[in-house]
Each structure stands twice: as C-alpha cells, then as structure tokens.
Amino acid sequence: MCDQPGTIHWPEKERLQGSVFCPSLPERIPDIVRHHEVPFNTIRTNVEELRGSGFGTHPRYECFVAEVSPDQKSKEGYTLVGSVLSSYTYNCWRGKNLYMDNLYVMPEFRGKGIGQLLMERATQVAWHRGCTELQMCISSTKGGKEKFLAWRNAEDLTLKEGWNLFQIDTNVLWRMAAQSKF
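Each value, and the rule that gives it
- Residues numbered from 1 in each chain as written.
- Predicted model: local features only at pLDDT ≥ 70, side-chain atom pairs only at ≥ 80, totals over all residues.
- Heavy atoms only, no water.
- Salt bridge = Lys/Arg side-chain N within 4 Å of Asp/Glu carboxyl O.
- Helix = DSSP H or I, 4+ residues; strand = E, 2+ residues; numbered from the N terminus.
- Pairing = 2+ DSSP bridges.
- Axes fitted to C-alpha atoms, helices over the stretch in contact; angles between N-to-C directions.
- Buried < 20%, exposed > 50% of the residue type's maximum accessible area, 1.4 Å probe, protein only.
- Patch = residues over 30% accessible without salt bridge, like charges linked within 9 Å, V, L, I, M, F, W, Y side chains within 5 Å.
- Areas by Shrake-Rupley, 256 points an atom, 1.4 Å probe, with all protein chains shown as cover.
- Phe/Tyr/Trp six-rings, centres within 6.5 Å; stacked < 30°, edge-to-face > 60°.
- Lys NZ or Arg CZ within 6 Å of the ring centre and 35° of its normal.
- Core = buried A, V, L, I, M, F, W, Y, C linked by side-chain atoms within 4.5 Å.
- Arc of directions from axis to C-beta.
- 1 Å grid on protein atoms, 1.4 Å probe; cavity = no way out; pocket = protein on both sides within 12 Å on 5 of 7 lines; lining within 4 Å.
- Points joined across faces, edges and corners; volume = space filled by probe spheres on them.
- Nonpolar A, V, L, I, M, F, W, Y, C, P; charged D, E, K, R; others polar.

## Looking at the pattern of salt bridges
Throughout the structure, instances matching the rule amount to 3 salt bridges. The closest approach of N and O atoms between Arg-129 and Glu-62, which form a salt bridge, is 1.9 Å. One end of the pair, Arg-129, is in the loop between helix H3 (114-128) and strand E4 (133-136); the other, Glu-62, is in strand E1 (residues 62-67), with 67 residues separating them in the sequence.

As structure tokens, then:
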C-alpha cells in the first residue's frame, strides 16, 4: 500500500505481476454504469465472467487499477479509486492496437493525475507488446474527456476521417448467428 499521501499504488493484483483476479473491481461496476447512464438491467457481466474473461487461460482483457492508502479512501470507504480496462484489436494495415475501455476515476479523485497514470500504464504495456495505436470511444455527453485526450494529442477520427462507431446488440447478434449458413 502507499506510504506517501496522494501516490498511486499498483497492487500485485494487476495481471502483469501474476494472473490474480482483483476482487474489488466488480464493486466499481455500478459506479461506471451510473456514470455512463446505462440501465442496470442491461448489465450482463458478473464476477465469474470478469474472472474467466480476464484471468483465464486465454485472457480477453487487461485491467489496471489505482488504489490509495486506507487513510485516503473514498467517502464510501473504497481504496480502489480508478481503473482502466483494455483489450487488443488488429488492423490489417497498422497491426496490433490497444482498445481502451472504461478509463474511470471516482469523481472525488479526478484532477489528481490518476487518470493520466492509468493511461500511461496501459499504453506502456501496449507499446511493449507491439501495439501501433491506441483507440478509445468516448461519450460526447460526458464533458472533459475530449480535453483529456486532446491534451495527449489524440485525434477525433469522427471529425478527421468520418469514422462512425456501430454496434450490433446481443439479440440481433444472436439472430444473425442463428441465420448464418456456415
């Protein structure tokens, strides 16, 4: 744990230091869901899903967390105050990419460099694993994220190149798979 006030502790729970699940991460999901204004009844993951998908034989994501010392815990009593979940994608002309999802810092800990440290850690690992780009989708309704990324020289590909993000939800995906001729 931290010995200096305001420092970020990278716990031994992070995957790079051993494939050990961070049990307090699922406790943070309701905060992230509320922040993104997602209805709770649409959440599909659970502790077992997170554990299996991130720390099983073929991990599908990595998660880095930021913890503060117990004397700096949140109003709710949490020491885990931020996290970033990321996975890898592949682009046929640029190679391996890091897709960063859910860079989240509890509101009372924002503006203290925690998001920057989480992003630096994820990008450092991605660079050492051969990634050529970092991609991230952000909600235009959540203020501050565009400035956070622009300050780091991120480009808005929607404005620059006209790229749009589409999603096929679970029910449609199921129907498409069921109708497949393969």
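Moving on from the model shown.
## Re the sheet that holds strand E3 (residues 95-105)
Strand order in the open sheet formed by 4 strands is E1-E2-E3-E4, with mixed pairing between adjacent strands. Because the sheet does not close on itself, it has two edges, and the strands there are E1 and E4. Each neighbouring strand pair of the sheet contributes to a mean axis angle of 30°, computed without reference to strand direction. Taken together, the 6 bridges between E1 and strand E2 (residues 80-91) define a ladder with antiparallel strand orientation. Counterpart to Glu-62 in the pairing with E2 is Ser-86.

## Section: the pairing of E2
Here E2 lies mainly inside the structure; 9 of its 12 residues are buried. Strand direction decides the pairing type here: E2 and E3, joined by 9 bridges, are antiparallel. For Thr-89, the partnering residue across the bridge sits in E3 and is Asn-97. Hairpin connection of E2 to E3: 3 residues between the antiparallel strands.

## Here we look at a nonpolar patch on the surface
Together, Ile-168, Val-172, Leu-173 and Met-176 make up an exposed nonpolar region whose accessible area comes to about 350 Å². Relative to the helices and strands, Val-172 resides in helix H6 (residues 170-179).

## Regarding the packing of aromatic side chains
What characterises a pair of aromatic rings is the spacing of the ring centres plus the angle enclosed by the ring planes. A complete count under the given rule lists 0 aromatic pairs for this structure. Taking NZ or CZ as reference, Lys-96 lies 4.6 Å from the ring centre of Tyr-88, over its face.

## Focus: the nonpolar core
Core analysis: the largest hydrophobic core is formed by 21 residues, its most contacted members being Val-84, Met-100, Phe-109, Ile-114 and Leu-118. Counting residues per element, the ones that place at least two in this core are E1, E2, E3 and H3. With 6 residues, H3 is the single largest residue contributor to this core. Membership of the second largest hydrophobic core comes to 9 residues, among which are Phe-55, Val-65, Leu-80 and Leu-85.

## A word on helix H2 (residues 47-55)
The complete set of buried residues in H2 reads Leu-50, Ser-53, Gly-54 and Phe-55. Seen along its axis, H2 keeps its buried residues to an arc of 160°; they face one direction.

## Description of the layout of surface pockets
Reported here for the second largest pocket is a volume of approximately 1,100 Å³. If you trace the second largest pocket, you find 29 residues lining it, with Gln-135, Met-136, Glu-155, Asp-156 and Leu-157 closest to the centre. Residues of the lining of the second largest pocket, tallied by class, amount to 13 nonpolar, 8 polar and 8 charged.

## Some points on unusual backbone geometry
One non-glycine residue, Asn-102, lies in the positive phi region at around 55°. Tracing the sequence through the fold places Asn-102 in strand E3. Judged by its relative accessible area of 28%, Asn-102 is partly exposed. At Asn-153, a position not held by glycine, the phi torsion is positive, near 65°. Note on placement: Asn-153 falls in the loop between helix H4 (145-150) and helix H5 (157-161). Given a relative accessible area of 70%, Asn-153 falls into the exposed group.

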